[in-house]
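Spelled out from the first residue to the last, the chains are:
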Amino acid sequence: MLISDGTHRNQPAIQRAKPEKHNVSEAIYPVYLNRVASCLPDVNQALRLCLGTTATGAEFGAVSALSINHDCSRLLCGFAKGQITMWDLANGKLLRTITDAHPPGTAILHVKFTDDPTLAICNDSGGSVFELAFRRVMGMRSCDSRCLFSGSKGEVCCIEPLHTPPDLRDHPITPYSLLAMGSLTKILVIGLKPSLKVWMTFPYNKVCPRLNSISLFPLSFSSMNCQSVANQAPDWQHLGVPEAQNMDLANFSWWISSRTLVLVNSQEQLQVVDRPSQEVLDQLDLEQVQLVYNSRHFKSLATGGNVSEALALVGEKACYESVCSYAGQILYLGTKSAHIMTLRNWRERVDFLLRQERFGEALALAWSFHEGTAKAVVGLYGDPGKRRGVVADKMVEILILFVERSLKRCPDQGKIQVLEQHFQEVVPVVVDYCLLLQRSDLLFEQLYSRLVENVVSRGMFLEALESYIISQRLAHLTTPIMKDLLAHYHGNGLMDRLERLIVHLDVTSLDMQQVVQMCWENHLYDAMIYVFNRGMNDYITPLEQLLYQYHHHYLIYYVLADKPKCVSSTDEQVVIGNKLLVYISCSLAGRAYPLGDIPEDLVPQVKNKVFDFLIRLHSETSEEEEVFPFIRTLLHFDTREFLNVLALTFEDFRNDKQALEYQQRIVDILLKVMVDNPDFTPSQVGGLFTFLARQMAKPDNTLFVNRKLFDQVLEFLCCPDDDSRHTERQQVLLELLHVGGVVQFDEGSLLALAEKAEFYQICEFLYEKQHLYEKIIDCYLRDNLRKVEVFSYIHNLLSMPGYSPAEKQNVWDKSLQHIQELVALDPSRSADLVTCHFSEHVQPILSQLEVRAPDGSLSLMTEQYGHSEATSYLLEKKGDAHGAFTVLLTVRPHPHHCSDIGLESSLDDIIALCQRNSQNLNQQQREVLWFPLLEAMMAPQKLLRGPNTNHTSEALKELTMKVLNAMSSFIPLPDIIQRILQDPVYGKGKLSEIQGLILGMLDTFNYEQTLLETTTSLLNHDLHWSLAHLRASVTRGLVPRQDTCNICLLQYRRRHDPPEEIVIFSCGHLYHCQCLQAKDCGSGSGSERPQQWSCFKCSSNQGGRGGAMADQRRARSTSLAQVGGDPLVFERLPVSLFVEATLDPQQAQSWDHLRCLYHGPSRVGPTANPHR
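Procedures and definitions
- Residues numbered from 1 in each chain as written.
- Predicted model: local features only at pLDDT ≥ 70, side-chain atom pairs only at ≥ 80, totals over all residues.
- Heavy atoms only, no water.
- Helix = DSSP H or I, 4+ residues; strand = E, 2+ residues; numbered from the N terminus.
- Buried < 20%, exposed > 50% of the residue type's maximum accessible area, 1.4 Å probe, protein only.
- Contact = heavy atoms within 4.5 Å.
- Axes fitted to C-alpha atoms, helices over the stretch in contact; angles between N-to-C directions.
- Left-handed = near helix turned anticlockwise from the far one by under 90°.
- Nonpolar A, V, L, I, M, F, W, Y, C, P; charged D, E, K, R; others polar.
- Parallel < 35°, antiparallel > 145°, perpendicular 65-115°, else oblique.
- Expected span 1.5 Å × (residues − 1).
- Arc of directions from axis to C-beta.
- Pairing = 2+ DSSP bridges.
- Salt bridge = Lys/Arg side-chain N within 4 Å of Asp/Glu carboxyl O.
- Core = buried A, V, L, I, M, F, W, Y, C linked by side-chain atoms within 4.5 Å.
- Polar contact = N/O pair within 3.5 Å; in protein donor to acceptor, adjacent residues only side chain to side chain.
- Phe/Tyr/Trp six-rings, centres within 6.5 Å; stacked < 30°, edge-to-face > 60°.
- Lys NZ or Arg CZ within 6 Å of the ring centre and 35° of its normal.

**Student:** For this particular structure, what's the right way to read the overall build of the chain?
**Tutor:** Of the regular secondary structure elements, the chain holds 45 helices and 28 strands. Taking all 1172 residues of the chain together, the buried fraction comes to 47%. Of the contacts formed within the chain by residues at least 6 apart in sequence, a portion of 56% connects residues at least 24 apart.

Set out below in structure tokens:
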């Protein structure tokens, strides 16, 4: 804020001069110039006083410091040449001229009044600090000076006394008259009264590294509340030392309030900082102000510049006397004008946002004022309650204005999404702040009456209430709002959300009839229960209605299913059944459903009513149904969960006599309903007796159950004639025994029944209780589902502590008796078991197994006696190629002994093993097998150093080359080269070092590539020749020489017998199939057609020509028949012709390979099946 350029007006008798210093107190603004004393304009910028003349300026120099006392009656002026004057501000009279208060030849940098009007402090350019005590004796004014700090110990460049606010003048700290001094190296806090005392020393550190920021500390100290200062050393962080973001840029700081600090950096940028949060609230540029600096006085130019370089550097941009704070304002003195920086009060800040129509931000800012969390607050006075009231009234005005503006600016046309987006920015904000202010009257009356005019805003308003209702921030709605809420949610199908709302609302705000009817129509069972419980104190009607709904859905599904015995619960039944169980559990436990608690005076009454309902003999609607329909229904729905509900309820029945009677009554009903009832499964019946066993096992049990019922259930579960649900019945009985039901049975008869029913887990339970652990092995071996667990059981029992030596010995002996059965079950785990616990009896065990011992046992033996080759062989036979490889690799001779003949032999064995098994492995498994071998040969080369190792290195490289040549047939060449180059031995050397390896691999690759191309060419040529001759033979027609069979001499066309097949050969002879079979001229027997035929006549003619030539011709004839001259077989009636043409194995393999290569339509399609 620009006050004026009044420093250039009203000066007819004063030479115009450049302003340098000012101070402020109430309505007086003294501005002192470099050539005159000072001039004092008032608030209207009219010149009120002009102190001193040009002669004074010529004598004393420019005014360098100034201070006004608390009551604005005195003014102290310090000059550049070291003099100090005191003026009476009432009449402008000079009262004192002090010339001997400090050493001559130094300028006055600071002069400060304390709270004591007779005491002041001054600081000169020599870095010293002096106390000025003003006296008046016999009408004579005098001044006594005392040195508080000598500049020889470190120059002080800033001082600030502690000014106590008027309302804290009685504080205990006030009489000490504290003073803060900032030197070039530290900050001192001293007390002037009653005697000089150093209160605290604060040296500069990393937090405050630069000297130009020392004004932070004394100023913050001076502006802090005196209650923060005690006789002990104060906490400077607590006193308001902010952590400036750039301490090297922060030159000076001033306090507007105890929480707000103003910083000015070296670039003349002003920052308003909130002290507690260290947040920069605002930032301004002061370049246009053209601040006045008092650097010349820090350099003491008027007295010859006799100051230290450090002090001159500190005062380079010193503006201590050009900026001051008063009453929440910061005043800046510029070269041409003075400026006032003041914070807007809270109303102005809010109105500024409202003028820009930023209603959301305005409300947020106002709420921060309401809660006391706002920063740099100005204009809020009084106690906190009064402040909140004022801000709340302003927020109400903003809310009303916000709604009015939103309705006026609502889009008249467009998509519904546009309207929703428009009101989404308004309605939730309005609802939130109304509820924060606890002004539901404003929300439901004045604001809702305006929003209801628009359909979209009304719906959004009603839905915006949902989150507040569920979070219990809004429990009561007015009748019109409630009516509109129900209609809106019902009309939009939001029934689930409506149910959640109803159970959180106050019942008094609900229309009972409307809500209950809506709940029944839309199956809102939770809301219905809530209304009946809270509104009518009725806990039984919801049970009746839910059970009715459950039976209603059951009957509908029963009719539609047309298979009553196969009917299962529908989804709706499951929902109702679960709600019934939870509701009953809550009611019996004293908790309200779905949330809250039942009033304490109603808890016993509710429990009794619920129990009376459950144990009703018949329902009120029908007496033809079975007895106890409600308990029966719940048991059928979920037996286990219903029993769990009863178990939780029984926990609270210990001291209630009537409740104990209910407990016994319910147990009797359960037994009557479930025992000997085929409608319940063994699992359900077992669950009942498990529940009873748990209850009866409690120390304070009062239940009575006939033991014969347990025996009856035991016989039912252990019935050997019933094979259905064998596992289920065993698990039920096992659970019953675990919860203490074993005390209800005779263990001997129970064991006999369990063995008879093949309940081996029950037998294990009983044997373990009797410490007959060896018999448990038989249980595992007989149980088909748990056979493999016998190994773990034997191992754990023999390994774990807690068992006696005799018990372990019995198990050990039992295991040896069944060793053959164990080996047959799992040879590998049997071998592990023998190795761990029977290592001293390997030979007897192998003798017992005789020659039928599997590879696992032999492997165990070979490992024990160190036969690594045999172990590897057995592992390979077993299919564990990697294990066999590991065994051979582990026992190979060390590569350093390459002269050892066994190294090369061992390497050959390993390579042969890898080659044999690589055919059956995928690429990844091959790499796992080959690369460790390559690494095993390359790793020792890393350790070879020196000239004596050349021979060894070359030998190892030869062996490595041998491995590479072997593995190149199974591992891609790029992978091998990459692995070699990654090895430190080859990767860090020159190319010549690995040239031999790579060239050898490339030679192998070229040879194999040439071999593959030649083989492929030959195979393709042979395949082409074979297929061409095959096609020619198959497609060539055969003409018989005669129409009679050459064996029976009957014409095949004149036979009137049933149709039979005929065979014609490429030689022209024709036969009946039966005739050829009679002469044994075909391979094959029985009813199968022979795969190959031979001509009877041709064979008979050549029969006398023995020797190799006949065999060669016969072979040639057979081959020809297979290629193109195979017999043609005819059926007489109906006549059908087919050719039996077969390929030899090599040709068939080539044919399959060709079809794979040329998959799809082929020009050799007629030969795709040479048998047709």
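Now that the structure has been shown, we can carry on.
**Student:** Explanation requested: the packing of helix H25 (residues 747–756) against helix H26 (residues 760–769) in the structure shown.
**Tutor:** Two packed helices can be described by the angle between their axes and the distance between those axes. Orientation of H25 relative to H26, taken along the N-to-C sense of each, is 145°, at an axis distance of 9 Å. The way H25 lies across H26 gives a crossing that is left-handed. Between H25, through Glu747, Leu750, Leu751, Ala754 and Glu755, and H26, the contact on the second element is made entirely by Ile762, Cys763, Leu766, Tyr767 and Lys769. Residue composition of the contact of H25 with H26, grouped by class: seven nonpolar, no polar and three charged.

**Student:** What exactly am I supposed to notice about the packing of H26 against helix H27 (residues 773–782) here?
**Tutor:** In contact at an axis separation of 9 Å, H26 and H27 are set at 175° when each is read in the N-to-C sense. Relative to H27, the element H26 lies roughly antiparallel. Contacts between H26 and H27 involve Tyr760, Cys763, Glu764, Tyr767 and Glu768 on the former and, on the latter, Tyr773, Lys775, Ile776, Cys779, Tyr780 and Arg782. When the residues that make up the contact of H26 with H27 are grouped by side-chain class, the tally is seven nonpolar, no polar and four charged.

**Student:** How do you make sense of helix H15 (residues 525–536) when you look at a structure like this?
**Tutor:** It helps to recall that an α-helix has 3.6 residues per turn; residues three or four apart then point in one direction. Its 12 residues place the ends of H15 16 Å apart at the C-alpha level, agreeing with the 16 Å of an ideal helix rising 1.5 Å per residue. Most of H15 is tucked away: nine of the 12 residues are buried. Buried within H15 are the following residues: Tyr525, Asp526, Ala527, Met528, Ile529, Tyr530, Val531, Phe532 and Asn533. Positive backbone phi, approximately 55°, marks asparagine 537, located one or two places after H15.

**Student:** Just checking my understanding: could you explain helix H8 (residues 416–424) for this structure?
**Tutor:** Those residues of H8 not exposed but buried are Leu419, His422 and Phe423. The arc that holds the buried residues of H8, viewed along the axis, is 90°, so those residues lie on one side. Structurally, H8 contributes buried residues whose contacts are with helix H7 (384–408), helix H9 (427–436) and helix H11 (455–470).

**Student:** In this structure, what is going on with the side chain of glutamine 83? I would like to understand it.
**Tutor:** Inspection of the secondary structure puts glutamine 83 in the loop between strand S7 (74–79) and strand S8 (84–88). Looking at glutamine 83, the relative accessible area reads 15%, which means it is buried. Setting aside residues no more than four positions away along its own chain, glutamine 83 makes contact with Glu59, Phe60, Cys77, Gly78, Ile98, Thr99 and Ile108.

**Student:** Help me out: how do you make sense of the sheet that holds strand S10 (residues 108–113) in this one?
**Tutor:** The pairing of strands in a sheet happens through backbone hydrogen bonds and is either parallel or antiparallel. One open sheet holds the four strands; their spatial order is S10-S11-S12-S13, and the pairing between them is antiparallel. Each edge of the open sheet carries a strand with a single partner, namely S10 and strand S13 (140–149). Across the sheet, the mean angle separating the axes of adjacent strands is 25° when strand polarity is ignored. Strand direction decides the pairing type here: S10 and strand S11 (residues 119–124), joined by five bridges, are antiparallel. Bridge pairing in S11 places isoleucine 108 opposite aspartate 124.

**Student:** Looking at this structure, I do not really get the sheet that holds S7. What am I missing?
**Tutor:** Judged by pairing direction, the sheet is antiparallel, and its four strands sit side by side in the order S6-S7-S8-S9 without closing on themselves. Unpaired on one side and paired on the other, strand S6 (63–68) and strand S9 (93–98) mark the two borders of the sheet. The sheet shows a mean angle of 20° between the axes of neighbouring strands, taken without regard to direction. Pairing of S8 with S9 involves five bridges; the strand directions are antiparallel. The residue bridging tryptophan 87 from the neighbouring strand is leucine 94, located in S9.

**Student:** Would you explain the pattern of salt bridges in this entry?
**Tutor:** Proximity of charged atoms lets side chains of opposite charge pair with each other. Scanning the model with the defined rule gives 23 salt bridges in all. One salt bridge connects aspartate 116 with lysine 193, and the closest N-O pair in it is separated by 2.6 Å. Pair noted here: aspartate 116 is in the loop between S10 and S11 and lysine 193 is in the loop between strand S16 (186–191) and strand S17 (197–203), with a separation of 77 residues, a long-range link. Its salt-bridge partner being arginine 450, residue glutamate 404 comes within 2.8 Å of it at the nearest N-O pair. Taken as a pair, glutamate 404 in helix H7 and arginine 450 in helix H10 (residues 440–451) lie far apart in primary sequence, 46 residues in all. A relative accessible area of 23% places glutamate 404 in the partly exposed class. A residue is classified by how much of its surface remains accessible, and arginine 450, at 23% relative accessible area, is partly exposed. In this structure, a network of salt bridges that share partners links the residues Glu463, Glu466, Arg497 and Arg500.

**Student:** Mind showing me how you'd approach the nonpolar core here?
**Tutor:** Across soluble globular proteins, nonpolar side chains have a tendency to be buried as a group. Phe461, Leu465, Leu477, Leu670 and Phe689 are the most contacted members of the largest nonpolar core, which totals 173 residues. Look past the residues within four positions of phenylalanine 461 in its chain and what remains in contact with it is Val427, Val431, Leu443, Phe444, Tyr448, Leu451 and Ile481. Leu875, Ile911, Ala966 and Ile980 belong to the second largest nonpolar core, which has 31 residues in total.

**Student:** Explanation requested: the side chain of aspartate 778 in the structure shown.
**Tutor:** Within the secondary structure, aspartate 778 is located in helix H27. Those residues in contact with aspartate 778 that sit more than four places away from it in its chain are Lys814 and His818.

**Student:** Just checking my understanding: could you explain the pairing of strand S25 (residues 1061–1064) for this structure?
**Tutor:** Regular strands show a simple pattern: their side chains alternate between the two faces of the sheet. Of the two faces of S25, the one carrying Glu1061 and Val1063 and the one carrying Ile1062 and Ile1064 are both buried. If you look at the hairpin formed by S25 and strand S26 (residues 1070–1072), you'll find five residues sitting between the two strands, and glycine 1068 has a positive phi there, around 100°.

**Student:** Is there a simple way to explain the environment of arginine 96 in this structure?
**Tutor:** Along the polypeptide, arginine 96 turns up in strand S9. Put simply, arginine 96 and phenylalanine 134 are 38 residues apart on the chain and 9.5 Å apart in space, counted from C-alpha to C-alpha. Beyond its immediate chain neighbours, meaning those up to four positions away, arginine 96 contacts Ile84, Thr85, Met86, Phe134, Arg135, Arg141 and Ser142. Reaching out from arginine 96, the side chain makes a polar contact with the backbone oxygen of serine 142 at a distance of 3.3 Å.

**Student:** Even after reading the chapter, I still don't get the pairing of strand S20 (residues 269–274), so can you show me in this structure?
**Tutor:** As judged from the five bridges shared by strand S19 (residues 260–265) and S20, these two strands associate in the antiparallel manner. Its bridge partner being in S20, leucine 261 is matched across the sheet by valine 273. Following S19, the chain reverses through three residues before pairing antiparallel with S20; glutamate 268 in that reversal takes a positive phi of roughly 60°. Connecting the antiparallel pair S20 and strand S21 (residues 279–285) is a turn made up of four residues, with glutamine 278 showing a positive phi of about 60°.

**Student:** So what exactly am I meant to see when it comes to the packing of aromatic side chains here?
**Tutor:** The geometry of two aromatic rings is summed up by the distance between their centres and the angle between their planes. Applying the stated rule across the entire model yields 14 aromatic pairs. Ring geometry for phenylalanine 359 against phenylalanine 402: centres 4.9 Å apart, planes inclined by 15°, an arrangement best described as stacked. Linking phenylalanine 359 in helix H6 (residues 359–371) with phenylalanine 402 in helix H7, this pair joins segments that are 43 residues apart in sequence. Measuring from ring centre to ring centre gives 5.3 Å for tyrosine 780 and tyrosine 793, while their planes differ by 35°; the resulting arrangement is tilted. Separated by 13 residues along the polypeptide, tyrosine 780 in helix H27 and tyrosine 793 in helix H28 (residues 790–799) bring together distant segments of the chain. Here tyrosine 780 matches tyrosine 793 in class, with each residue buried. Here lysine 197 stacks its cationic end above the ring of tryptophan 199, 5.9 Å away from the centre of that ring. Positioned above the aromatic ring of phenylalanine 352, the side-chain terminus of arginine 344 is 5.0 Å from the ring centre.

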